Amino acid sequence: MGYWLLKSEPGEFSIDDMERVGVEPWDGVRNYQARNWLRDHMQVGDQAFFYHSNCKEPAIVGIVSVASPAYPDPTQFDPRDKHFDPKSRPDDPRWWLVDVRFERRLRRPVTLRELKEREEELEGLALVRRGNRLSVMPVTPQQWAFILGLEQQPESG
DNA sequence: GCCAACGTTGGC
DNA sequence: GCCAACGTTGGC
């Protein structure tokens, strides 16, 4: 079982939206490293943290699961879509996605600030590295378990 | 292949 | 809204 973290701007698509729709195509990823994780490493059934970025309180707020194998992101071929990529060809798609399924909310948001305070335990997690912009990143089983442990504690600091 | 310019991300 | 960090682009 693989573990991941997916960023989403709550102004665009929040955990509320995720819960309401149930299953969502994770489209719009336009970063090659993130694309590679999606396309080459995600497996159906993998678990992922749902992270709110670029907002008042950046935090992990929920858990989703991978609900489909990777397939070409249809928005790259739609000229009216803001994620349209004129250089991508249907016979050689550049951008891929998976469907994700809502699993649950965390008992409380586990904030970025809090995660950074525990950098010793979360060493290597891209999210807490300075300047990181990756929107799809792997999480180790140890990091996954540690963050689930944080969820069970009241926020400190 | 270098690297300056530019656009985007995302915390603050 | 600011701006540092980073990825991409394109001239050379």
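Keep in mind the model is a prediction, meaning the values are calculated, not measured.

Colleague: Honestly, helix α2 (residues 32–41) in this entry has me stumped. Any pointers?
Modeller: Along an α-helix, residues three or four positions apart point the same way, because every turn accommodates 3.6 residues. All buried positions along α2 are accounted for by A34, R35 and L38. On an axial view of α2, the arc spanned by its buried residues comes to 100°, and they lie on one face. For α2, the N-terminal capping position is held by N31, with its side-chain oxygen 3.0 Å away from the main-chain nitrogen of Q33.

Colleague: Is there a simple way to explain the protein's contact with DNA strand C in this structure?
Modeller: All residues adjacent to DNA strand C are Y32, K87, R130, G131 and R133. The sugar-phosphate share of atoms of DNA strand C within 4 Å of the protein amounts to 70%. In the surface near DNA strand C, the residues fall into one nonpolar, one polar and three charged.

Colleague: What is the right way to read the protein's contact with DNA strand B from this model?
Modeller: Taken together, the residues surrounding DNA strand B are K7, Y51, S53, N54, P58, L112, K116, N132 and R133. A distance of 2.7 Å separates a phosphate oxygen of DNA strand B from a polar backbone atom of R133.

Colleague: Explanation requested: the packing of aromatic side chains in the structure shown.
Modeller: Applying the stated criterion across every chain yields a total of seven aromatic pairs. Both rings, one in F13 and one in W26, keep their centres 6.4 Å apart while their planes meet at 80°; by these two values the pair is edge-to-face. With F13 in the loop between β1 (3–8) and α1 (15–21) and W26 in the loop between β2 (23–25) and α2, the pair connects residues that are 13 residues apart, well separated along the chain. Among the residues examined, F13 registers a relative accessible area of 14% and is labelled buried. Relative to F50, the ring of F13 has its centre 6.5 Å away and its plane inclined at 45°; by these criteria the two rings are tilted. Residue F13 is found in the loop between β1 and α1, and its partner F50 is found in strand β3 (residues 47–52); the two are separated by 37 residues along the sequence.

Colleague: Explain the pattern of salt bridges here, please?
Modeller: Two side chains with opposite charge may pair up if their charged atoms get near one another. Applying the stated criterion across every chain yields a total of 13 salt bridges. Between E151 and R104 there is a salt bridge; the shortest N-O distance is 2.8 Å. Highlighted residues: E151 in helix α4 (residues 141–151) and R104 in strand β7 (residues 99–111), separated in sequence by 47 residues. Among the ionic contacts, a cluster of salt bridges with common partners joins D16, E19 and R105.

Colleague: Before we go on, may I ask you to explain the sheet that holds β2 in this structure?
Modeller: Across a sheet, paired strands are connected by hydrogen bonds in the backbone, their directions being either parallel or antiparallel. Spatial strand order, β2-β7-β4-β3-β1-β8: six strands in an open sheet with mixed pairing. Each having just a single partner strand, β2 and β8 (136–139) make up the two edges of the open sheet. Strand-to-strand twist of the sheet, defined as the mean angle between neighbouring strand axes without regard to direction, takes the value 40°. Two elements, β3 and strand β4 (residues 59–66), share six bridges in a ladder whose sense is antiparallel. Counterpart to H52 in the pairing with β4 is A59. Against the sheet, α2 makes contact with β1 and β8, and its axis sits at roughly 60° relative to β8, the strand it touches most. Each of β1, β3, β4, β7 and β8 is contacted by α4, which is oriented at about 55° to β7, the strand it contacts most.

Procedures and definitions
- Residues numbered from 1 in each chain as written.
- Chains lettered and ligands numbered in written order.
- Predicted model: local features only at pLDDT ≥ 70, side-chain atom pairs only at ≥ 80, totals over all residues.
- Heavy atoms only, no water.
- Buried < 20%, exposed > 50% of the residue type's maximum accessible area, 1.4 Å probe, protein only.
- Helix = DSSP H or I, 4+ residues; strand = E, 2+ residues; numbered from the N terminus.
- Arc of directions from axis to C-beta.
- Polar contact = N/O pair within 3.5 Å; in protein donor to acceptor, adjacent residues only side chain to side chain.
- Near = heavy atom within 4 Å.
- Nonpolar A, V, L, I, M, F, W, Y, C, P; charged D, E, K, R; others polar.
- Phe/Tyr/Trp six-rings, centres within 6.5 Å; stacked < 30°, edge-to-face > 60°.
- Salt bridge = Lys/Arg side-chain N within 4 Å of Asp/Glu carboxyl O.
- Pairing = 2+ DSSP bridges.
- Axes fitted to C-alpha atoms, helices over the stretch in contact; angles between N-to-C directions.
- Contact = heavy atoms within 4.5 Å.

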